[in-house]
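Descriptive structure summary
As a plain string of letters, each chain reads:
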Amino acid sequence: MIAREEGEQFLHVYKGDIERAIADLRRIATEKKQQISRPKRPISEEVVIRVSGLTKSYSVGKQQVSALGGVSVDIHKGEFVALTGVSGSGKSTLLQLIGGLDKPTSGTVEVYSQNLSKLSDRHVSEFRNRTIGFIFQFFYLQPFLKLRQNLEVAGIPLRTKPVDRRKKLESLAEVVGLADRLDHFPKELSGGQMQRAAIARALLNDPKILLADEPTGNLDSKNSAAIIELFEKIRDEFGTTIIIVTHDAAIAARADREIRLKDGVIA
Ligand SMILES: Nc1ncnc2c1ncn2[C@@H]1O[C@H](COP(=O)(O)OP(=O)(O)O)[C@@H](O)[C@H]1O
Ligand SMILES: [Mg+2]
């Protein structure tokens, strides 16, 4: 009884302090949240990618290498996200799992509410071809095909009509500023042009999501800036959700949100 009275007295005396402390904690939490999301333009409420408790370990001989140690994050429709972190922090692994190129060790990736782990390999590829466009640091254009054919082959897996494919590739070549280069071979293009070609190819099937792994890693700053402007244009014109892995602080600063990985978890 005495203890309870003392307790109440204590609460009475310190009530103001406690309330102030709680208010301070709330304010700090809100500020921190704002710092993390840092919205520069209104972002849709719709979650298109939901990553929950994602882990990935690779077997190397008898050893297990942990690449992701439990990542959870929601990405919204039309959001432009920069995925950053030092080399080996798990960026490419996360991007590959989001794109269904590999399977997680545990946890889930849902893309447009579809749990990728629940799909068969064939259905994952179908889903990927319809929904996701990939862009890599090394452009992976076929050296023996002209730009026109390099773009066109991207439409083959979905069996789109050749005539539609041609129309589409020509309009995309306009979007990326390569309309006058369609009959050139990749070796006749500059690095920046090759990457723009790879972006056009990634857009051929109207993906809702673009995943780019260090797309400016091989480009000088002028060409990098042009590529980022192109991504922004794509997002604005097509409402595409874009995740871009980058080391470039200038790019990260232009994204709607930066997600930083450290040792396989969000820092
Ligand atoms: N196929 C693989 N086999 C074995 N280990 C891998 C493989 N891919 C990535 N790793 C390891 O997983 C960790 C994360 O790699 P990665 O996702 O490529 O990081 P980042 O893209 O940030 O450089 C690293 O320790 C890397 O060595
Ligand atoms: Mg990587």
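Residues numbered from 1 in each chain as written. Chains lettered and ligands numbered in written order. Predicted model: local features only at pLDDT ≥ 70, side-chain atom pairs only at ≥ 80, totals over all residues.

Below, the discussion takes up the sheet that holds strand β10 (residues 265–266). Overall, mixed pairing links the six strands, which are arranged β6-β7-β8-β3-β9-β10 in an open sheet. Every other strand in the sheet has two partners, leaving β6 (132–136) and β10 as the edge strands with one partner each. Summarising the sheet, strand β7 (residues 209–213) and strand β8 (residues 241–245) pair through five bridges and their orientation is parallel. The residue bridging Ile 209 from the neighbouring strand is Thr 241, located in β8. Packing of helix α2 (residues 91–98) onto the sheet brings it into contact with β3 (80–84), β7, β8 and β9 (257–262), and relative to β8 it is tilted by some 155°. (Pairing = 2+ DSSP bridges. Helix = DSSP H or I, 4+ residues; strand = E, 2+ residues; numbered from the N terminus. Contact = placed C-beta atoms within 7 Å. Axes fitted to C-alpha atoms, helices over the stretch in contact; angles between N-to-C directions.)

For the rest of this paragraph, the subject is the site of ligand 1. Taken together, the neighbourhood of ligand 1 is formed by Tyr 58, Val 60, Val 65, Ala 67, Gly 85, Ser 87, Gly 88, Ser 89, Gly 90, Lys 91, Ser 92 and Thr 93. For the shell around ligand 1, the secondary structure elements donating two or more residues are β1 (47–60), β2 (63–76) and α2. If you tally residues by element for the shell around ligand 1, the top one is α2, at three residues. Partitioning the shell around ligand 1 into residue classes produces four nonpolar, seven polar and one charged. (Near = placed C-beta within 6 Å. Nonpolar A, V, L, I, M, F, W, Y, C, P; charged D, E, K, R; others polar.)

Core analysis: the biggest nonpolar cluster contains 56 residues, and Val 81, Leu 83, Ile 98, Ala 200, Leu 211, Ile 243 and Ile 244 have the highest contact counts within it. Ranked by residues supplied to this core, first place goes to helix α6 (residues 191–203) with seven residues. (Core = buried A, V, L, I, M, F, W, Y, C linked by C-beta atoms within 7 Å. Buried ≥ 20, exposed ≤ 12 C-beta atoms within 10 Å, placed from the backbone.)

Let us now look at α6. The terminal C-alpha atoms of α6 lie 19 Å apart, and with 13 residues this matches the ideal 18 Å at 1.5 Å per residue to within 8%. Of all the positions in α6, only Gly 192, Gln 193, Met 194, Gln 195, Arg 196, Ala 197, Ala 198, Ile 199, Ala 200, Arg 201, Ala 202 and Leu 203 are classed as buried. (Expected span 1.5 Å × (residues − 1).)

This paragraph deals with unusual backbone geometry. Here Tyr 112, not a glycine, exhibits a phi torsion of approximately 50°, which is positive. You can see Tyr 112 is positioned in the loop between β4 (106–111) and β5 (114–115).

Look at α6 against helix α7 (residues 221–238): their axes get within 9 Å of each other, and the N-to-C directions meet at 20°. Of the possible angle classes, the one that applies to α6 and α7 is roughly parallel. The element α6 and its partner α7 pack so that their crossing is right-handed. Residues Gly 191, Gly 192, Gln 195, Arg 196, Ile 199 and Leu 203 of α6 form the contact with α7, whose participating residues are Asn 223, Ala 226, Ile 227, Leu 230 and Ile 234. (Parallel < 35°, antiparallel > 145°, perpendicular 65-115°, else oblique. Left-handed = near helix turned anticlockwise from the far one by under 90°.)

Our focus in this paragraph is α7. With 18 residues, α7 extends 25 Å between its outermost C-alpha atoms, agreeing within 8% with the 26 Å of an ideal straight helix rising 1.5 Å per residue. Within α7, burial applies to Ser 224, Ile 227, Ile 228, Phe 231 and Ile 234. Buried residues of α7, seen end-on, are gathered within an arc of 115° and therefore sit on one face of the element. The exposed residues of α7 that point more than 90 degrees off its buried face are Lys 222, Glu 229, Lys 233, Asp 236 and Glu 237. Contacts from the buried residues of α7 go to β3, α6, β7, β8 and α8 (249–254). Gly 239 sits one or two residues past α7 and shows a positive phi near 70°. (Arc of directions from axis to C-beta.)

Glancing now at the pairing of β3. For β3, the tally of buried residues reaches five of five residues, placing the bulk of the element in the interior. Alternating positions in β3 separate into two faces, Phe 80, Ala 82 and Thr 84 on one and Val 81 and Leu 83 on the other, with burial throughout. Direction of pairing for β3 relative to β8: parallel, over a ladder of four bridges. Each residue of the ladder has a partner; that of Phe 80, found in β8, is Ile 242. One ladder, built from four bridges, connects β3 with β9; its direction is parallel. Of the residues in β9, the one forming a bridge with Ala 82 is Glu 258.

Glancing now at the environment of Lys 262. Residue placement: Lys 262 occurs in strand β9. Not counting the four nearest positions on each side in its chain, Lys 262 is found in contact with Gly 85, Ser 89 and Ala 267.

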